[in-house]
Amino acid sequence: MPRVRTLRALLVLGPGRSRRPLELAATAVFVLGGALLIWSAFIHFHLWSETDGYRSIPTIGPLFLLQSIAGLVIGIGVVAVRRLWAALIGIGFVISTLVGFLLSVAVGLFGFKESWLAPFAKEAFTVELLAVVVLIAAAALCLVGSVPNARAGTTPAGTAT
């Protein structure tokens, strides 16, 4: 049970509402990471919604739509929550998106082979790679020195400010 408590305490690390430079930097990095996730979601939605876009490709079309919806929700969540667990979910999501793209380029995925020359392929890959780096930085900032409770920014009773 102590390990579960330790893991839970780690996962809820995140910046508080103070003006400490480290917490301000963590907040800025979370906002940037969330924005990159939303940008990736927008690219996927744009590619899906075009008249001759990905929506007409079996399995891949629905996955593009799902990626755009999930990317938007996770991106907003990363910005709103600003906790280690949110950064980890964002990292996992972006890595799975990158792996899916790389598999579709290398060997094909669900009977569809992608190309680096496809519209927005390089741009989406770059945005997603940046998102991984930024979200790893957000996670690192959480581990370095953030507030370990859900009510970050509040001063415990009996302490001076």
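Predicted, not measured: the structure shown is a model, and the values here were computed from it.

S.K.: When you look at the overall build of the chain in this model, what are you seeing that I'm missing?
M.R.: Counting secondary structure elements, the chain contains five helices and zero strands. Its helices and strands taken in sequence order, the chain reads α-α-α-α-α from the N to the C terminus.

S.K.: Is there a simple way to think about the side chain of Ser104 in this case?
M.R.: Mapped onto the fold, Ser104 is located in helix H4 (residues 84-106). On the basis of relative accessibility, which here comes to 6%, the residue Ser104 falls in the buried class. If near-sequence neighbours (up to four positions away) are discounted, Ser104 is found in contact with Leu109, Phe112, Lys113 and Glu114.

S.K.: How should unusual backbone geometry be read in this particular structure?
M.R.: With the exception of glycine, the majority of residues adopt a negative phi angle, and the majority of peptide bonds are in the trans configuration. Look at Thr59: it is not a glycine, yet its phi comes out positive at around 65°. Turning to its location among the elements, Thr59 is positioned in the loop between helix H2 (21-49) and helix H3 (60-81). Its identity as a non-glycine residue notwithstanding, Arg82 has a phi of 50°, on the positive side. Its place among the elements puts Arg82 in the loop between H3 and H4.

S.K.: Got a minute to help me understand the packing of aromatic side chains in this structure?
M.R.: In this description, a pair of aromatic rings is defined by centroid distance and the angle of the planes. Per the counting criterion, the structure on display carries three aromatic pairs. With a centroid separation of 5.7 Å and 35° between ring planes, the pair formed by Phe45 and Trp48 is classed as tilted. With Phe45 and Trp48 both in helix H2, this residue pair falls three residues apart, about one helical turn. Between Phe101 and Phe125, the ring centres sit 6.0 Å apart and the planes meet at 45°, which makes this aromatic pair tilted. On the criterion of sequence distance, the pair formed by Phe101 in helix H4 and Phe125 in helix H5 (residues 121-145) is long-range, its members being 24 residues apart. Residues Phe101 and Phe125 agree in their burial class; the two are buried.

S.K.: Even after reading the chapter, I still don't get the nonpolar core, so can you show me in this structure?
M.R.: Soluble, globular proteins show a tendency: their nonpolar side chains are buried together. Within the largest apolar cluster, 37 residues are counted, with the highest numbers of intra-cluster contacts made by Phe30, Leu37, Tyr54, Ile60, Phe64, Val78 and Val94. Among the elements of the structure, H2, H3, H4 and H5 are those that each provide at least two residues to this core. Looking at which element gives the most residues to this core, the answer is H5, with twelve residues. Residues contacting Ile60, with those up to four places away along its chain left out, are Tyr54, Leu109, Phe110 and Phe112.

S.K.: For this particular structure, what's the right way to read the packing of H2 against H4?
M.R.: The axes of two packed helices give the description: the angle between them and the distance between them. It is at 11 Å that the axes of H2 and H4 come closest, and there the two elements cross at 30°. H4 is crossed by H2, and the crossing has left-handed handedness. Packed against H2, whose contacting residues are Phe30, Leu37 and His44, the element H4 presents Leu84, Ala87, Gly90, Phe93, Val94 and Thr97 at the interface. Within the contact of H2 with H4, the residues separate by chemical class into six nonpolar, three polar and no charged.

S.K.: Help me understand the confidence of the model for the chain in this model?
M.R.: Close inspection of predicted coordinates is inappropriate for parts of the model with low pLDDT. Averaged over every residue, the pLDDT of the chain is 83; residues scoring 70 or more account for 80%. Helix H1 (residues 2-11) is the least confidently modelled element of the chain, averaging 66 in pLDDT, while H3 averages 94, the highest of any element. Confidence drops under pLDDT 50 across residues 149-161; counting only partners more than four residues distant or on other chains, this segment forms twelve contacts.

Cut-offs and rules
Residues numbered from 1 in each chain as written. Predicted model: local features only at pLDDT ≥ 70, side-chain atom pairs only at ≥ 80, totals over all residues. Heavy atoms only, no water. Helix = DSSP H or I, 4+ residues; strand = E, 2+ residues; numbered from the N terminus. Buried < 20%, exposed > 50% of the residue type's maximum accessible area, 1.4 Å probe, protein only. Contact = heavy atoms within 4.5 Å. Phe/Tyr/Trp six-rings, centres within 6.5 Å; stacked < 30°, edge-to-face > 60°. Core = buried A, V, L, I, M, F, W, Y, C linked by side-chain atoms within 4.5 Å. Axes fitted to C-alpha atoms, helices over the stretch in contact; angles between N-to-C directions. Left-handed = near helix turned anticlockwise from the far one by under 90°. Nonpolar A, V, L, I, M, F, W, Y, C, P; charged D, E, K, R; others polar. pLDDT = per-residue confidence, 0-100.

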